[in-house]
Structure formats: structure tokens, C-alpha cells
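# Structure at a glance
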Amino acid sequence: MPPSREQPAAADGGIEENAMAILDTFGIKDSRDLHDDRAAFLEAVRSAGLAGDKPSSPTRRMYDAVFQILQSSTSLELTIASFHLLMELGKQYPRVYLTNSGSRQALVTVNESWSPFLLGNNVASGEIGRNTSRSDHLFDSLRFSLLTEAMVEASNATGAHNGLKHIENMVLFQYLVCTLEADFVPRHIAYKESLDWVIIRESVLNVLLGSRKLVFKMFVKNCISLLNQHQREVEDDVSYKSASDLDSSLTFSSLEFEREALTSVKKLFIMVINLDLIRKEADKLGLTSRADGLRNPILEVILEELTYNQIYLSPFLLAFTEWKWKLQIILQYFSRYQVKPAVRTRRSDNSQQDLTVESALSMFSTEASAKAMVKMMCPEVAQLLLAHAYQVCLSLDGDSSKAIDAAKMMGASLLEISCKFVSAFQNLRKINTSIQISQFEKEALFTAATLTSKLQNE
């Protein structure tokens, strides 16, 4: 049970006054004195809200000041310190949490608690009476989308200040995604037990993505670009800036936060996928209404983007490591080229869900079928998708916790899939003897051939 919020940390009037002073200094050119004042303020908030025998929740003004330090500092030290403070306060004083209630867990929502998001519910419950100028730093749907745009554009920027601002944005994005997760995860658990769609409808994630201020397809496209950029930079193990542009410590920090940003985008994608699955279930149960709005499921948007911008495909598949959804994307990609039955039934309407790794490989089982496929899709793309699908199958081998779902999506044993994988590459090679095979694909092919030989001899 989270600590009591009845005695706010503002009982120490000095901290509250400092918060007001901090808020009033934003927009003023930074100086050593301002840096020291902000560092001392962060430590005071930490002491009052987290230390001692009776810590108490900071006031809204104090939260606002810490959050603005995160966004508007020219110091890497302050950026990181304010980020960690907000994360720790979020764990100590959660806005949403579960509590035991008889045989099930009950969801508790503390509506009056501070949030970095300024959405419909926030305005209705907690922001009335607040000076709107004090809320400019909070995030609505549009500003959240613009943050992702700024992160994408930062790859073309130069100079140390832009490098620090990019790190600041990455840290900010990480914090916002963690906040979305802290709100969504307990709601997801509560929904599974109750099937109460209202719990999910009121989630910050659902309200954020359902706003007309956010163009969902563009938002997903920006997130895919982020995923791909960060994947390339992490792979290269160098900063996107030259050593002459940035201090070495800033370069190291950039690399660390590139990795964290990569994790945050994947975390966000998986949350939205789960949100879409819940929405689909709620639709079937008749729990939704027109007021809930409509948008395309994120998997459809991702698939469309990867289909029409194939340059994104390889880095996306390398970065998106969550096996189930990665395999689902690959199979849905192939399903676009699957021969559909002439008579559409309830089952055939969902044929893309029935496609398995085995049936995808069967599209390349003969030279003739492989030739028919490459007339519709690029052979290099086919090889890449098959290699990643095979890699997922290998990773699932022997994992009993995933056995049921894995068997449904694989559609055959690992031996059968290994044999068909080798055959598919052989048939693609027959069609085009000069086709290029990447190192990743060569390793997958070698593994499949070795495993096939080993299993057949056992």
C-alpha cells in the first residue's frame, strides 16, 4: 500500500517557495547559481518525499518544478538527477495500483495525484484552478507526438547543445513511457480479472492515442524511425555525433540513452498491441460504443509502413525482439501474398491469423511456387523474413513456458521447419543465382542445415 498523501511535503514551506522560484527561472539563461539552486531543490524534494521515517508526497508545484528541470536543463547531471527522482517518486506514490480485495485484486486510482500528462481527465479533476502557464510543460497527445518528431529530426542536428538536447528528449521519452506503463499494467491485470472495459478506456495510453490531436499513423511511423535509428547506432557502438562535436562523457551518455530509448519504443509498441487486443475483445463482447472512437490497430500500421518502406525492415526486425509479435508481423507480411479462398467464410476472413511459419515456408517449397512468390515480393525481402522467422523458432526450442503458443505459430516441428527453410533458400537461389545473402541469413542457413543433419541422424 502506497504511503499516505495526507501530509504533503510542502509542510516545509521553504521547499514550496523554492519550487515557485524554480518555476519562475525557466526561460532565463542558465548559470552556475541556477544550476546549484536546482540541484539543491532536487535534493530537498528527495529528502522530504523519499527519506526519513515519514516521507510524504510532494505538492503539484514541486512535481512541476522537478519535471521542468528534466525538460529545460543545460546540465546532463540535472537531467539525470531529475529523471531518477521522478521515477522513484512514481514508485513511492503511484497514481494507479492494485490492492487485494477478497479473491481478486482491486484497482485503485488516485485521481488527485500529479501526472506529466495533461489529458481530459486531468483537466477535469486536478488541473482546474491552476494557472495555465504552469501547465505548459505537461504533455497532451500533440506534444507527445511532437517529441517523437524532434527525436527523429535530432539525428541530422550538429553541435554539443543539440547533442545534450537529444539526450534530454530521450530521457524525457523514457520517463513518459514508464509513466504510461505504470498506469497501463495494473489496469491490464484488473481487466483480465473483471473484463471491465471502462478500466482500459480510462487508461492514459488509451486517452492519449484516442485524441484527434495525434495522427496515429504518423506517430507510429516516427516510432519506427526511432527504433531503426537507435538500433543502427547501438549496433555501431558509436554516437551519431563525431568525437569533435561532443565531449566524450556526453558521447558515452548518448549511447547509453540510445539503448534505453530503443527499449522504451519497444515497450510502447507492446503496450499498444495489448491495448488493441483488449479493444478487439471488448468489441466482440459488446462493451464498446461510438464514443470510444476508432483507429487502425498498430500491427496493421507497422505492417503497412514496413511493406512500403522496405529500408526499415531489417533494422526493425533486429530491434523488435519480442518473439510473439515479431513472428506475428512476419506472418502477416507473408499473408498479403497468400492465395485467399474464393468463398469468404468467417474462418477465411481471419486467414492471416491462421498462417504459420510452416505454411509461409511452403510458399517456397518448390521452384515453381518460389518463382510465383518473387513475382509479387522482393526475393531479398523474402529471405530476410524467413531468416528472422527461423531465428524466432530456434529461440523457442525447449522453452516449455511458450510451448503452446509457439506450436500454434510454428505449425510444425523444428526439424520440419529447418528442412523447409533450407529448401526455400535453395529454390530462391535456383531462380536467381546471383541473389545476395546477408551474413545473418548465412548463419541461419548454416544452423538450419546443421540441425537438419543432426536431427535426422538421431
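None of these values were measured; they are calculated from a predicted model.

Here the focus is a nonpolar patch on the surface. A cluster of nonpolar side chains, namely L195, L285 and L287, defines an oily patch on the protein surface of about 240 Å² accessible area. Tracing the backbone shows L195 in the loop between α7 (160-194) and α8 (197-201). The partly exposed category is assigned to L195, whose relative accessible area is 38%.

Let us now look at the layout of surface pockets. By volume, the largest pocket amounts to about 1500 Å³. I273, D276, L277, K280 and P297 are the residues nearest the centre of the largest pocket, which is lined by 45 residues in total. Going through the elements one at a time, α8, α9 (204-210), α10 (216-236), α11 (248-284), α12 (298-308), α14 (323-335), α16 (351-354) and α20 (403-410) are the ones with two or more residues in the lining of the largest pocket. When residues of the lining of the largest pocket are assigned to their parent elements, the largest contribution, eight residues, is made by α11.

Attention now goes to the pattern of salt bridges. Scanning the model with the defined rule gives 13 salt bridges in all. One salt bridge connects K213 with D140, and the closest N-O pair in it is separated by 3.2 Å. Taken together, the positions of K213 in the loop between α9 and α10 and D140 in the loop between α5 (120-125) and α6 (141-153) put the pair 73 residues apart, joining distant regions of the chain.

It is the contact of helix α19 (residues 379-396) with helix α22 (residues 439-457), at a shortest axis distance of 9 Å, that shows an interaxial angle of 55 degrees. By the angle between their directions, the pair α19 and α22 is classed as oblique. Here α19 and α22 pass one another in a crossing that is left-handed. Of the residues in α22, those touching α19 at E380, Q383, L384, A387, H388, Y390, Q391 and L394 are F440, E441, A444, T447, A448 and L451. Of the residues in the contact of α19 with α22, the class split is eight nonpolar, four polar and two charged.

Note on placement: E441 falls in helix α22. For E441, which is buried and forms no salt bridge, the nearest opposite charge comes from K442, at a distance of 8.7 Å. Of note is the side chain of E441, whose polar atom sits 3.0 Å from the backbone nitrogen of S438. In contact with E441, other than residues within four places in its own chain, are E380, Q383, L384, A387, F425 and Q436.

Contact geometry for helix α21 (residues 414-431) and α22: axes closest at 9 Å, N-to-C directions at 130 degrees. Taken together, the axes of α21 and α22 are oblique relative to one another. Crossing geometry of α21 relative to α22 is assigned as left-handed. Only E441, A444, L445, A448, A449, L451, T452, L455 and Q456 of α22 make contact with α21, whose side of the interface consists of L414, L415, S418, C419, F421, V422 and F425.

So, about the pairing of strand β2 (residues 104-109). Taken together, the six bridges between strand β1 (residues 96-101) and β2 define a ladder with antiparallel strand orientation. Considered in β2, the bridge of T99 is made with A106. Here β1 folds back onto β2 in antiparallel fashion, the turn holding two residues, of which G102 has a positive phi close to 70 degrees.

With respect to the helices and strands, the residue E202 is situated in the loop between α8 and α9. Looking at E202, the relative accessible area reads 41%, which means it is partly exposed. The sequence separation of E202 and D183 amounts to 19 residues, and the corresponding C-alpha distance is 9.9 Å.

Each value, and the rule that gives it
Residues numbered from 1 in each chain as written. Predicted model: local features only at pLDDT ≥ 70, side-chain atom pairs only at ≥ 80, totals over all residues. Heavy atoms only, no water. Patch = residues over 30% accessible without salt bridge, like charges linked within 9 Å, V, L, I, M, F, W, Y side chains within 5 Å. Areas by Shrake-Rupley, 256 points an atom, 1.4 Å probe, with all protein chains shown as cover. Salt bridge = Lys/Arg side-chain N within 4 Å of Asp/Glu carboxyl O. Helix = DSSP H or I, 4+ residues; strand = E, 2+ residues; numbered from the N terminus. Buried < 20%, exposed > 50% of the residue type's maximum accessible area, 1.4 Å probe, protein only. 1 Å grid on protein atoms, 1.4 Å probe; cavity = no way out; pocket = protein on both sides within 12 Å on 5 of 7 lines; lining within 4 Å. Points joined across faces, edges and corners; volume = space filled by probe spheres on them. Axes fitted to C-alpha atoms, helices over the stretch in contact; angles between N-to-C directions. Parallel < 35°, antiparallel > 145°, perpendicular 65-115°, else oblique. Left-handed = near helix turned anticlockwise from the far one by under 90°. Contact = heavy atoms within 4.5 Å. Nonpolar A, V, L, I, M, F, W, Y, C, P; charged D, E, K, R; others polar. Lys, Arg positive; Asp, Glu negative; His and termini not counted. Polar contact = N/O pair within 3.5 Å; in protein donor to acceptor, adjacent residues only side chain to side chain. Pairing = 2+ DSSP bridges.

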